[in-house]
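An overview of the molecular structure
This is what each chain is made of:
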Amino acid sequence: MNTQNWHAHATRTAVRSVALTGCVALVLGVTGTATAHPGSRDPGRQVLAAGDGWASAGTGTTGGAAADAAHVHTVTTWDEFRAALADGGTAPRIIKVKGMIDAVSEGCDAFAAEGYDFQRYLADYDPAVWGNDKPVSGEQEDLRAASAARQDKAIKANVPANTTIIGVGRNSGILGGSLQIRGVDNVIIRNLTIEAPVDCFPQWDPTDDNGTGAWNSEYDGVVVYGSTHVWIDHNTLTDGRHPDSALPSYFGKVYQQHDGLVDVVRGGDLVTVSWNSFRDHDKTMLIGNSDSAGATDTGRLRVTLHHNRFEGIVERAPRVRFGQVDSYNNHFVVTKGQKFGYVFGIGAHSRLHATHNAFSLAPGVSTGKVLKKWSEAPLTAEHNYVNGKLTDLIAVHNAQIPAETLQSGAGWTPTLRTRVDHPRAVPALVDHRAGAGRVR
């Protein structure tokens with residue numbers, strides 16, 4: 001069998017006026033916004049605080065806080081984890097992940113269908129042989145698809161309603177698995193290090209990228225698909241051991257083996273993403289995956305992002321279609337020499353409200369590229385600081401990229417914010433407190 005190698009593949013509070021002298025010490029003393037289930041100090045029984053983002057709307061988000069002893073599981077392997085998810089129907093459950101559990105411990109070869117040969121695949125679909133005017137087909141493409149289906153079945157974990165998944169201590173999480181939150185309500189994901197899944201069998205599409213071809217991959221770290229009341233908090237999400245910089249190229253295109261870290265799609269709604277660290281990834285977060293998905297997405301895709309840290313991110317932090325997305329008090333870091341496309345993608349029918357964020361941009365990185373226009377949709381972008389200086393992101397973007405003029409005014413004002421920190425205090429606060437191993 002000759003397969004490709006595993007390539008290192010409450011009501012809104014007023015904005016605090018924080019005095020700059022001593023402000024870091026002040027904000028570092030403030031804890032997160034989780035509240036404890038009555039009678040317990042167990043982080044697994046913490047629930048989302050009232051007023052903390054869209055996931056606190058309506059019934060709020062409690063996950064598995066009410067689980068009885070029979071539905072509290074500690075798991076140390078991928079098989080144990082999936083068994084715990086399947087046990088007990090929709091009864092509240094808490095799953096404690098202890099250590100790093102690997103969904104792909106046997107490597108890519110374990111999924112390859114009999115007869116699949118990656119070198120044969122490359123030979124058959126080389127543009128010099130196949131061309132660029134039609135999708136690939138034939139034996140090796142069929143075997144690639146069969147191999148991909150085996151991986152799909154193995155690495156996806158379906159998360160039921162009323163579930164809390166929480167890492168134990170500072171070094172627990174999931175390697176190469178994809179958490180599927182599909183068509184359910186009331187889920188909490190906390191304190192996990194999530195290494196993005198690696199697609200062992202990307203598909204070559206000769207017709208993609210304006211007829212020059214591209215490798216297309218599957219699998220997101222966390223997918224919120226048609227689900228409601230989801231809280232994603234204090235996690236670290238990254239490419240980890242398999243950075244894009246280590247990926248090879250074939251047919252002149254990077255052999256892309258990663259998709260998203262967290263995607264909210266197909267009517268996903270009422271989601272709060274807080275205090276996470278997103279690092280070293282390309283297509284980070286998609287909110288709405290199609291301009292034509294109005295039937296499922298209109299009036300939904302309401303997501304709050306606050307106090308997250310983004311570093312080494314190429315694009316989609318996030319890219320938004322349809323949704324009312326509130327992004328505040330996040331820290332975006334673009335380092336010298338990294339590949340960088342944009343931070344906020346303004347897509348079809350979106351209503352992004354991005355305020356009180358901090359941006360640390362390396363010399364030579366254009367502030368105008370923070371925003372990217374994909375479709376005509378207004379946004380609010382106020383009180384944002386770039387390298388410590390108050391900056392009108394829309395005005396700078398429009399001046400630097402006049403061909404993509406953006407309109408100001410999202411047409412709504414967020415009401416579900418527990419606190420807003422001064423943007424100058426955000427880098428120290430978020431860098432110190434965001435990510436796995438920092439739940440209190």
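Further up the page is the structure itself.
Residues numbered from 1 in each chain as written. Predicted model: local features only at pLDDT ≥ 70, side-chain atom pairs only at ≥ 80, totals over all residues. Heavy atoms only, no water.

Here's the deal with the side chain of Asp297
Structurally, the position occupied by Asp297 is in helix α7 (residues 294–297). Buried charge Asp297 goes without a salt bridge, the closest partner of opposite sign being Arg266 at 5.7 Å. Of note is the side chain of Asp297, whose polar atom sits 2.7 Å from the backbone nitrogen of Gly267. If we ignore the near neighbours within four places in the chain, the residues touching Asp297 are Arg266, Gly267, Gly288 and Phe322. (Helix = DSSP H or I, 4+ residues; strand = E, 2+ residues; numbered from the N terminus. Buried < 20%, exposed > 50% of the residue type's maximum accessible area, 1.4 Å probe, protein only. Lys, Arg positive; Asp, Glu negative; His and termini not counted. Salt bridge = Lys/Arg side-chain N within 4 Å of Asp/Glu carboxyl O. Polar contact = N/O pair within 3.5 Å; in protein donor to acceptor, adjacent residues only side chain to side chain. Contact = heavy atoms within 4.5 Å.)

Overview of the state of the cysteines
Under the counting rule described, the total for this entry stands at one disulfide. With its sulfur 2.1 Å from that of its partner, Cys108 forms a disulfide with Cys200. Torsion about the S-S bond of the Cys108 and Cys200 cystine: about -80 degrees, corresponding to left-handed handedness. Of the two residues, Cys108 sits in the loop between β5 (100–102) and α3 (118–125) while Cys200 sits in the loop between β11 (193–195) and β12 (203–205), which places them 92 residues apart along the sequence. Here Cys108 and Cys200 have matching classes, each one buried. (Disulfide = S-S within 2.5 Å.)

Overview of the sheet that holds strand β29 (residues 351–355)
One key point about sheets: their strands pair by backbone hydrogen bonds, in either a parallel or an antiparallel sense. With parallel pairing, the 10 strands of this open sheet are ordered in space as β3-β4-β7-β10-β15-β20-β23-β26-β29-β32. Every interior strand has two partners, whereas the edge strands, β3 (72–75) and β32 (380–382), have only one. The sheet shows a mean angle of 10 degrees between the axes of neighbouring strands, taken without regard to direction. By the bridge criterion, five bridges tie strand β10 (residues 185–190) to strand β15 (residues 228–233) in an arrangement that is parallel. Residue pairing in the sheet places Arg190 in a bridge with Asp233 of β15. Contacts from helix α2 (residues 78–86) reach β3, β4 (93–97) and β7 (163–167) within the one sheet, and its direction differs from that of β4 by about 175 degrees. (Pairing = 2+ DSSP bridges. Axes fitted to C-alpha atoms, helices over the stretch in contact; angles between N-to-C directions.)

A look at the pattern of salt bridges
All chains considered together, the criterion is met by 15 salt bridges. Here Asp233 ties to Arg190 by a salt bridge, and the two come within 2.8 Å at their closest N and O atoms. Highlighted residues: Asp233 in strand β15 and Arg190 in strand β10, separated in sequence by 43 residues. Residues Arg309 and Asp431 are paired through a salt bridge, measuring 2.6 Å at the closest nitrogen-oxygen approach. Taken together, the positions of Arg309 in strand β24 (residues 309–315) and Asp431 in helix α9 (residues 426–433) put the pair 122 residues apart, joining distant regions of the chain. Bridged by salt links that share partners, the residues Arg309, Glu311 and Asp431 form one connected network.

Quick notes on the side chain of Thr284
Its location among the elements puts Thr284 in the loop between β21 (277–283) and β22 (285–287). You can call Thr284 buried: its relative accessible area is 0%. A polar atom in the side chain of Thr284 sits 3.3 Å from the backbone oxygen of Glu315. For Thr284, the residues in contact, after removing those within four places along its chain, are Gly260, Leu261, Val262, Asp263, Phe278, Phe310, Ile313, Glu315 and Arg316.

A few points about the nonpolar core
Core analysis: the biggest nonpolar cluster contains 86 residues, and Phe81, Leu179, Ile181, Phe278, Phe344 and Phe359 have the highest contact counts within it. Leave out the neighbours within four places in its chain, and Phe359 touches Phe332, Val343, Phe344, Val370, Asn384, Tyr385, Val386, Asn387 and Leu393. Counting residues in hydrophobic clusters, the runner-up holds six residues, among them Trp54, Leu270, Trp412 and Leu416. (Core = buried A, V, L, I, M, F, W, Y, C linked by side-chain atoms within 4.5 Å.)

With respect to the sheet that holds strand β34 (residues 389–391)
One open sheet accounts for 10 strands, arranged β5-β8-β11-β16-β21-β24-β27-β30-β33-β34; its pairing is mixed. Lying at the two open borders of the sheet, with one neighbouring strand each, are β5 and β34. Taken over all neighbouring pairs, the strand axes of this sheet differ in orientation by 25 degrees on average, direction set aside.

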